[in-house]
Amino acid sequence: MDQTLWYKDAVFYQIYVRAFYDSNGDGHGDLNGITQKLDYLQDLGVDCLWLMPIYPSPLKDDGYDIADYYNIDRTFGTLEDFKALIKAAHQRNIRIIMDLVLNHTSDQHPWFQASRSDRNSPYRDYYVWSDTDQKYKDARIIFVDTEPSNWTWDEKAGQYFWHRFYASQPDLNYDNPKVQNEMLNVAHFWLALGIDGFRADAVPYLFEREGTNCENLPETHAYLKKLRAFMHQNYPGRILLCEANQSPEDVRPYFGDGDEFHMGFHFPIMPRIYMALKKGRADDMIEILRRTPPIPENCQWCTFLRNHDELTLEMVTPEERQWMWEQYAPEPRMKLNWGIRRRLAPLLDNERRKIELANSLLFTLPGSPIIYYGDEIGMGDNIDLPDRNGVRTPMQWNDSPNGGFSTGKPYTASVEGDLGYKHINVANQIATPGSMFHATRQMVTIRKQHPAFASSSMEWVEVDNPSVAAYRRQYEGETLLIFNNLSSSDSMIHLPEQYQGTYFDLLTGKLETLRESLTLQPYSYLWLQEQK
Ligand code: NOJ
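Here's what I pulled together on the structure shown here. Here the structure is a predicted model, which is why all the values come from computation and not from measurement.

Time to look at the packing of helix α6 (residues 177-193) against helix α7 (residues 218-234). Between α6 and α7, whose axes approach to 11 Å, the crossing angle comes to 30°. Classified by chirality, the crossing of α7 by α6 is right-handed. Across from Gln180, Met183, Leu184, Ala187, His188 and Leu191 in α6, the residues of α7 making contact are Tyr223, Lys226, Leu227, Phe230 and Met231. The residue inventory of the contact of α6 with α7, partitioned by class, reads eight nonpolar, two polar and one charged.

Here it is as structure tokens:
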């Protein structure tokens, strides 16, 4: 394959740097900590790390509020540490992408400080100011639990400023060509340093226009195409991953004609995987993937089960959202905004077969999968911690104090109880054949050996049992047949004749013959390769 298309068959791994590994005992995870854990990541088999924001920041939104785009927050290390990490990762064939927060800065950023202080400052126009808070009324509020409005009055400026997230994150004004250039310069700086691309944060909201919902505007796409063209010209092979929590129809334009984003998160499939597991039915997944438009050949979806935010329910109907809350957030404090602030293992009752089945879907449906740090061992969450902090707790390395994360006083509390580090940790799982770590690692390995998983081809196999999600993936002469039984009971299916025959079971390494009927154990899955 063309090496610049590496992301199409890569397995990604998302790291919240503060929580991963503390190399200097100050209680915060850091870049050197990641460098020290590269052997682990290589052993797991991941191809690319996504590092959450590491820029200097007052941390009102865990680094998504940037105060300086050209540096590293001291708690995470230095630019030299970062270069060393990139080098060490590349030596292991592991790439690194980082967050690029385009839409907003911290209110502590010198641009905003200058902007609010003086109407004649060249930075005034870097942000969106207004004498009234009545503009752009059709734009929804995203952080509904905390933000009463997208406008906040600024005493110093004597005007309101526009913000789609916390009031401590003023939106940049993309109508200002200087702002557009600033962000190209930022991208340039990190690409020159050796980074392999960006997870571009909150891209639907760059521009505002009266009478619209201020999302996905043509002006926004035009700017993102500029950013892509810049990268294509100067840094071919580096990627842009789109964070647009939108319907498949609305995400599609972010791929452009293969000239905007290389990758885009598939937000709507994620909650439907949880719906499927709870209902024991495949229909919701089938429906959303049928609705998903094809994307250009040089593009790829990015699939995930969990990330550092709440499990978002923005892409389901209000009835489905209510149902998901009832099923997966039995305690009110598990809810946050339009979502659920819990991790994979606790969401799935810490039941191995359900977690593995969810992973089977993640690794075999179209798109490149992302693993959220810690989910490969099924670590827990801590809902006593506020906001999304409960799913950002220290990585559980072993059963020593602080789970081996830090020799100092950790920046936050760990997970308590059965899913805490005393029970769930990397060291004991590596030492235990058959552990969740080994199961995840096996899936990563197998997925990477079969380009059919990375291809865009996917056909549902029509089976006569709604509990079974069955599909075919094909690429250059290889045919894979995948079965997932979403039900807590045995599921029997009749197989159309064309699928009967001999298969190699990728997970057990044995040959299997499929006849006219097949019975799948509760929550079991099969990854089969057709034998000609
Ligand atoms: C999306 C990020 O995933 C989230 O953590 C953050 O709060 C918002 N964007 C604002 O940057």
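Still to come is the rest of the account.
A word on the pairing of strand β19 (residues 501-505). For a regular strand, the rule is simple: side chains alternate between the two faces of the sheet. Taken together, the four bridges between β19 and strand β20 (residues 511-514) define a ladder with antiparallel strand orientation. Across the sheet, Phe504 pairs through a bridge with Leu511, a residue of β20. Hairpin remark: β19 followed by β20, antiparallel, with five residues in the connecting loop; positive phi at Gly509, about 75°. Pairing between β19 and strand β22 (residues 525-530): three bridges, direction antiparallel. Residue Tyr503 lies in a different strand from β22, and its bridge partner there is Glu530.

So, on to the side chain of Thr220. Along the polypeptide, Thr220 turns up in helix α7. Given a relative accessible area of 0%, Thr220 falls into the buried group. Filtering out sequence-adjacent residues up to four positions away, Thr220 remains in contact with Val203, Pro204, Leu206, Phe207 and Tyr254.

One number sums up the size of the largest pocket: a volume of about 450 Å³. Around the largest pocket, the lining is made up of 26 residues, and of these Thr292, Trp301, Pro366, Ser456 and Met458 lie nearest the centre. Of all the secondary structure elements, the ones that give two or more residues to the lining of the largest pocket are α9 (269-279), α10 (283-291), β10 (300-304) and α13 (352-364). Taken as a whole, the second largest pocket spans an internal volume of roughly 290 Å³. In terms of lining, the second largest pocket is formed by 13 residues, of which the most central are Gln3, Trp6, Asp9, Asp47 and Arg95. Class assignment for the residues of the lining of the second largest pocket results in five nonpolar, three polar and five charged.

Reading guide: rules and limits
- Residues numbered from 1 in each chain as written.
- Predicted model: local features only at pLDDT ≥ 70, side-chain atom pairs only at ≥ 80, totals over all residues.
- Heavy atoms only, no water.
- Axes fitted to C-alpha atoms, helices over the stretch in contact; angles between N-to-C directions.
- Helix = DSSP H or I, 4+ residues; strand = E, 2+ residues; numbered from the N terminus.
- Left-handed = near helix turned anticlockwise from the far one by under 90°.
- Contact = heavy atoms within 4.5 Å.
- Nonpolar A, V, L, I, M, F, W, Y, C, P; charged D, E, K, R; others polar.
- Pairing = 2+ DSSP bridges.
- Buried < 20%, exposed > 50% of the residue type's maximum accessible area, 1.4 Å probe, protein only.
- 1 Å grid on protein atoms, 1.4 Å probe; cavity = no way out; pocket = protein on both sides within 12 Å on 5 of 7 lines; lining within 4 Å.
- Points joined across faces, edges and corners; volume = space filled by probe spheres on them.

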